[in-house]
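# Results of the structural survey
So you can see what is in the structure, the chains are spelled out below.
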Amino acid sequence: MAPEMTPPAAAADFLKHAGWDDAEILPLAGDASFRRYFRVLAPGRRAVLMDAPPPHEDPRPFLTVAEHLIALGFSAPRTLAADLTHGLVLLEDFGDARMREVIDAAPEAERRIYADVVDLLARLHRHPAADLPPYDEREYLREVSLLTEWYAPALGLDLNADGYRAAWREALAPLLDDQSVTVLRDYHAENIMLIEGRDGIESLGLLDFQDALAGHPAYDLVSMLQDARRDVPEAIEAEMLARYLERAKPADGFLDAYWLLGAQRNAKIVGIFARLWKRDGKPRYLDYLPRVWGYLERDLQQPALAPVRAWFDAHVPTHARGGAQLA
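I will try to describe carefully the structure that is included in this document. (Residues numbered from 1 in each chain as written. Predicted model: local features only at pLDDT ≥ 70, side-chain atom pairs only at ≥ 80, totals over all residues. Heavy atoms only, no water.)

### Quick word on unusual backbone geometry
Omega for the peptide link from Pro54 to Pro55 comes to 5 degrees, which places this bond in the cis form. Examined against the element boundaries, Pro55 turns out to sit in the loop between strand 3 (45–51) and helix 2 (60–71). Positive phi, close to 85 degrees, is recorded for Arg185, a residue that is not glycine. Secondary-structure assignment places Arg185 in the loop between strand 6 (181–183) and strand 7 (192–194). We classify Arg185 as buried; its relative accessible area is 12%. With phi around 50 degrees, Lys249 is a residue other than glycine that occupies positive phi space. Residue class for Lys249 comes out exposed when judged on its relative accessible area of 64%. (Helix = DSSP H or I, 4+ residues; strand = E, 2+ residues; numbered from the N terminus. Buried < 20%, exposed > 50% of the residue type's maximum accessible area, 1.4 Å probe, protein only.)

So, in structure tokens, the structure goes:
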């Protein structure tokens with residue numbers, strides 16, 4: 001087992017006190033943060049061990065949002081045991097059928113599965129936001145600034161960061177009054193499990209929502225339909241966007257918000273993936289940059305993005321877009 005996927009020292013005692021002292025611990029996954037996941041196997045049962053080590057991680061927001069989602073009837077992992085001092089949480093195991101791999105193996109299921117995940121959002125958005133911090137201007141601007149803080153320096157670009165933030169501030173202003181729903185914030189095909197033995201929306205296991213905020217209903221929809229990690233055909237995006245509009249009946253201006261938050265999210269991801277490569281030594285994230293830039297370029301063509309598009313056209317030359325230069 002690679003050192004980075006060796007179970008934490010406190011895991012054995014934690015599992016013993018949780019009644020899983022006869023369990024085997026196997027590496028399951030890491031992610032873009034300090035969190036790691038292990039599968040815990042015991043005779044006739046299994047679970048997932050989340051290692052969210054302090055001070056880098058705090059599992060309490062995850063547990064709070066999971067409780068909220070479960071109370072609303074959604075499939076978030078149930079907590080079996082927790083040791084917050086060491087950042088260890090034993091969770092319900094949703095199995096191995098992840099949305100991305102299921103669609104890759106059975107492309108004919110793509111439309112049906114996307115319909116289900118869009119319907120889940122429409123249902124979630126019928127409920128008021130959980131008691132969470134707001135997705136406000138400060139957070140939006142902090143996120144988009146990752147592009148000027150990490151991507152631009154990696155290419156030797158000295159960009160006008162103040163003008164960049166001013167352009168975003170102007171474009172995002174119409175969205176700031178809508179913090180009406182729980183935004184899971186990382187809602188995409190690698191964070192959805194298809195749970196065997198459950199039907200409909202209840203078969204969709206939700207993961208990686210510890211950064212949830214109270215925000216705009218377009219955010220998670222664009223996160224799913226402009227997925228940084230897999231190509232979503234534009235025809236599927238258009239069909240599912242129409243499906244959401246039909247089911248959720250959002251307020252006027254939703255389409256502008258969709259493109260705005262698509263651009264905001266994709267600009268953020270460009271910066272995050274550059275940081276994961278440069279600071280954290282994870283070059284595999286560079287492979288996603290051309291796809292993310294493709295989404296961003298398309299979003300920028302929308303009228304609602306005019307101030308941001310003007311800034312990009314004035315300051316970011318064509319050769320510096322796309323991300324292939326960093327590979």
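From this point, the narrative continues.
### Examining helix 6 (residues 161–172)
Under the 1.5 Å per step criterion, the end-to-end length of helix 6 is 16 Å for 12 residues, consistent within 8% with the ideal 16 Å. Restricting attention to buried positions, one finds in helix 6 the residues Tyr164, Ala167, Trp168, Ala171 and Leu172. End-on, the buried residues of helix 6 take up no more than an arc of 120 degrees, which puts them together on one face. In helix 6, the exposed positions angled more than 90 degrees off the buried face are occupied by Asp162 and Glu170. Here the buried face of helix 6 lies against helix 5 (137–154), helix 9 (254–278) and helix 11 (306–315). (Expected span 1.5 Å × (residues − 1). Arc of directions from axis to C-beta. Contact = heavy atoms within 4.5 Å.)

### Quick look at the packing of helix 5 against helix 6
Between helix 5 and helix 6, the least distance of the axes is 10 Å, while the angle of their chain directions is 140 degrees. With respect to helix 6, the axis of helix 5 lies oblique. In this structure, the crossing between helix 5 and helix 6 has a hand that is right-handed. Between helix 5, through Glu137, Tyr140, Leu141, Arg142, Val144, Ser145, Leu147 and Thr148, and helix 6, the contact on the second element is made entirely by Ala161, Tyr164, Arg165, Trp168, Arg169 and Leu172. Looking at the contact of helix 5 with helix 6 residue by residue, the class counts come to eight nonpolar, two polar and four charged. (Axes fitted to C-alpha atoms, helices over the stretch in contact; angles between N-to-C directions. Parallel < 35°, antiparallel > 145°, perpendicular 65-115°, else oblique. Left-handed = near helix turned anticlockwise from the far one by under 90°. Nonpolar A, V, L, I, M, F, W, Y, C, P; charged D, E, K, R; others polar.)

### Some points on the pattern of salt bridges
Oppositely charged side chains can form a pair if their charged atoms are brought close together. Applying the stated criterion across every chain, the model contains 31 salt bridges. In this structure, the salt-bridge partner of Arg100 is Asp104, at a minimum N-O distance of 3.9 Å. With a gap of four residues between them, Arg100 and Asp104 both fall in helix 3 (residues 99–105), about one helical turn apart. Residue class for Asp104 comes out partly exposed when judged on its relative accessible area of 46%. Of the charged contacts, one joins Arg142 and Glu139 as a salt bridge, the two residues approaching to 2.7 Å between their closest N and O atoms. Of the two residues, Arg142 and Glu139 are both situated in helix 5; the distance of three residues between them amounts to about one turn of the helix. Residues joined by salt bridges that share partners form a network here, namely Arg98, Arg100, Glu101, Asp104, Glu190 and Arg229. (Salt bridge = Lys/Arg side-chain N within 4 Å of Asp/Glu carboxyl O.)

### Things to note about helix 2
Here helix 2 spans 17 Å end to end across 12 residues, near enough to the 16 Å set by a 1.5 Å rise per residue. All of the buried residues along helix 2 are Phe62, Leu63, Val65, Ala66, His68 and Leu69. Residue Gly73 follows helix 2 closely and has a positive phi angle near 95 degrees.

### Observations concerning the packing of aromatic side chains
Inspection of every chain in the model, using the stated rule, returns 14 aromatic pairs. An angle of 5 degrees between the planes, with centres 4.5 Å apart, marks the rings of Phe62 and Phe209 as stacked. With a gap of 147 residues between them, Phe62 in helix 2 and Phe209 in the loop between strand 8 (204–206) and strand 9 (213–215) connect regions that are remote in the sequence. As far as the burial class goes, Phe62 and Phe209 line up, both buried. Centroid distance Phe273 to Tyr288: 5.6 Å. Interplanar angle 50 degrees. Geometry classified as tilted. Linking Phe273 in helix 9 with Tyr288 in the loop between helix 9 and helix 10 (289–300), this pair joins segments that are 15 residues apart in sequence. This pair shows no difference in class: Phe273 is buried, exactly as Tyr288 is. Taken together, the aromatic side chains of Tyr151, Tyr164, Trp168, Trp293, Trp311 and Phe312 make up a single cluster linked through ring pairs. (Phe/Tyr/Trp six-rings, centres within 6.5 Å; stacked < 30°, edge-to-face > 60°.)

### Quick word on the packing of helix 5 against helix 9
Between two packed helices, both the angle of their axes relative to each other and the distance between the axes serve to describe the pair. Relative orientation of the contacting elements helix 5 and helix 9 amounts to 45 degrees, with a least axis distance of 7 Å. Of the possible angle classes, the one that applies to helix 5 and helix 9 is oblique. Considering only the axes of helix 5 and helix 9, their crossing is left-handed. Facing helix 5, whose interface residues are Tyr140, Glu143, Val144, Leu146, Leu147, Trp150, Tyr151 and Ala154, helix 9 presents Leu261, Gln264, Ala267, Lys268, Val270, Gly271, Ile272, Ala274, Arg275, Trp277 and Lys278. Split into classes, the residues belonging to the contact of helix 5 with helix 9 amount to 13 nonpolar, two polar and four charged.

### Thoughts on the pairing of strand 5 (residues 88–91)
Residues Leu88 and Leu90 of strand 5 are buried on one face, and the alternating residues Val89 and Leu91, pointing to the opposite face, are buried as well. By the bridge criterion, four bridges tie strand 3 to strand 5 in an arrangement that is antiparallel. By the bridge assignment for strand 5, Val48 is matched with Leu91. Note: strand 4 (residues 79–83) against strand 5, four bridges, orientation antiparallel. Counted as the bridge partner of Ala81 is Leu90 from strand 5. (Pairing = 2+ DSSP bridges.)

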